[in-house]
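Single-letter residue listing:
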Amino acid sequence: MKDNLIKTLEKSFIVGVSVIISIIICRLIGVPEFFAGIVSLTVINLNDSKTRKQALERTIATICGGIIACIIVYSGFQENMFFYLIGLMLICIISEFLLNIPASVGCIVLTYIMLNIDSKKNPQVYVEERVLATMVGALIISLIITLYNRLLKKEIKKTDITEKKNIHSLIEKATSSGIAVIIVYFIVSYMNRDGNSRYFTKYTLYYSALASIMTFHIDLKKILHNSKERLLSTIFGGIVAIIFFYFNLHEPFWIGVGVVLIVIFVENFIQVSPTTGGVVFLFIMVNIKEEITPLSYYMNRVFGTIIGLLLIISVSAGITFIKNFIKNKKMRKDNTYYHNLSKDNNQENREN
């Protein structure tokens, strides 16, 4: 217990410092600090080689997703759900099968652009800003974790080689997530059909899609576990952000302090991954504008997360049921075939 607490304190300190420095640099060079900050939150690890690897993978996945999204959009198929599903499949296959890196970030970039979440934002500009900010965040967290381990003379372990996935599992991943997002698209569009809903907006759709993409796993039990983590972390991160926001604690130092508190509390007391909570906190602290209050964003995020989680669980359970039904039907057919074959052989032996 003591060792785990020490590790959590170390991670929270490293992430907090990385977020502070990333925000300051992004403000100086004029790129969105949010995308830089979330890199530190999503590659929380005390192993410096693994952290550098994950930071690089996140940057590559962002570029991959952005390129595919722009190709589809500039071909005239934005908000086309069929091409969105095709895009998910392409990203999963290219990222996880060919490049052997996680596809989640690329799928998120594709989702934001394809669903036209911010119609005022040019897709190419969005990708360029996101890539630049991601590169800043990746560089900062990589430098800090390496420096930290060198100063403390910690043992540096080499990163394990990730096993490549097969195409069938990747297509299943893209299809399951895609179906969930398409259903969400029609649900949120229906709820917001008059355009005046405060808590069911395109951002509700986006956060539903994020929940569907990020929690998906072939194993249904793993999906349930991921869903619990994401929901609890979202709720706590939002609460901390609203407190900080209303006390006007917007400076990079206080944002870093908030990240440290979330990592320590969520990982040790709620005992789930603090990543989502940190991302929610960071968004509220750096992205809230006059047209959207922290509470309305928070409700959008929570509602969207719940909808997305319920749908990906339902879709995955349905696909699992169909797969098991087909498998059992095939087994029964095979058993019947071998039973009849054995019966024919026995009859032939008796006749002989």
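Refer to the structure presented above.
Let us look at the structure shown here. Small disclaimer: the values here were computed from a predicted structure and weren't measured. (Residues numbered from 1 in each chain as written. Predicted model: local features only at pLDDT ≥ 70, side-chain atom pairs only at ≥ 80, totals over all residues. Heavy atoms only, no water.)

1. Side note on the nonpolar core
- In this structure, Leu110, Phe281 and Leu282 are the most contacted members of the largest nonpolar core, which totals 85 residues.
- Discounting residues that sit within four places of it in the chain, leucine 282 has contacts with Val19, Ile23, Phe34, Gly37, Ile38, Leu41, Ile255 and Asn287. (Core = buried A, V, L, I, M, F, W, Y, C linked by side-chain atoms within 4.5 Å. Buried < 20%, exposed > 50% of the residue type's maximum accessible area, 1.4 Å probe, protein only. Contact = heavy atoms within 4.5 Å.)

2. Considering the side chain of asparagine 268
- Tracing the backbone shows asparagine 268 in helix 10 (residues 252–270).
- Side-chain polar atoms of asparagine 268 contact the side chain of threonine 8, separated by 3.2 Å.
- Residues within four places of asparagine 268 in sequence aside, it is in contact with Asn4, Leu5 and Thr8. (Helix = DSSP H or I, 4+ residues; strand = E, 2+ residues; numbered from the N terminus. Polar contact = N/O pair within 3.5 Å; in protein donor to acceptor, adjacent residues only side chain to side chain.)

3. Observations concerning the packing of helix 3 (residues 48–74) against helix 4 (residues 81–98)
- It is the contact of helix 3 with helix 4, at a shortest axis distance of 10 Å, that shows an interaxial angle of 150°. With respect to their mutual orientation, helix 3 and helix 4 come out roughly antiparallel. Note on packing geometry: the crossing formed by helix 3 with helix 4 is right-handed. Residues Cys64, Gly65, Ile68 and Ile72 of helix 3 form the contact with helix 4, whose participating residues are Phe83, Gly87, Leu90, Ile91, Ile94 and Ser95.
- Class assignment of the residues belonging to the contact of helix 3 with helix 4 gives a composition of 7 nonpolar, 3 polar and no charged. (Axes fitted to C-alpha atoms, helices over the stretch in contact; angles between N-to-C directions. Parallel < 35°, antiparallel > 145°, perpendicular 65-115°, else oblique. Left-handed = near helix turned anticlockwise from the far one by under 90°. Nonpolar A, V, L, I, M, F, W, Y, C, P; charged D, E, K, R; others polar.)

4. Structural notes on the pattern of salt bridges
- By the definition in use, this model includes 4 salt bridges.
- Of the charged contacts, one joins glutamate 267 and lysine 11 as a salt bridge, the two residues approaching to 2.9 Å between their closest N and O atoms. Of this pair, glutamate 267 sits in helix 10 while lysine 11 sits in helix 1 (residues 2–29), placing them 256 residues apart in sequence.
- Taking relative accessible area as the criterion, glutamate 267 reaches 22% and is therefore assigned partly exposed. (Salt bridge = Lys/Arg side-chain N within 4 Å of Asp/Glu carboxyl O.)

In short, shape yes, function no, at least from these values alone.
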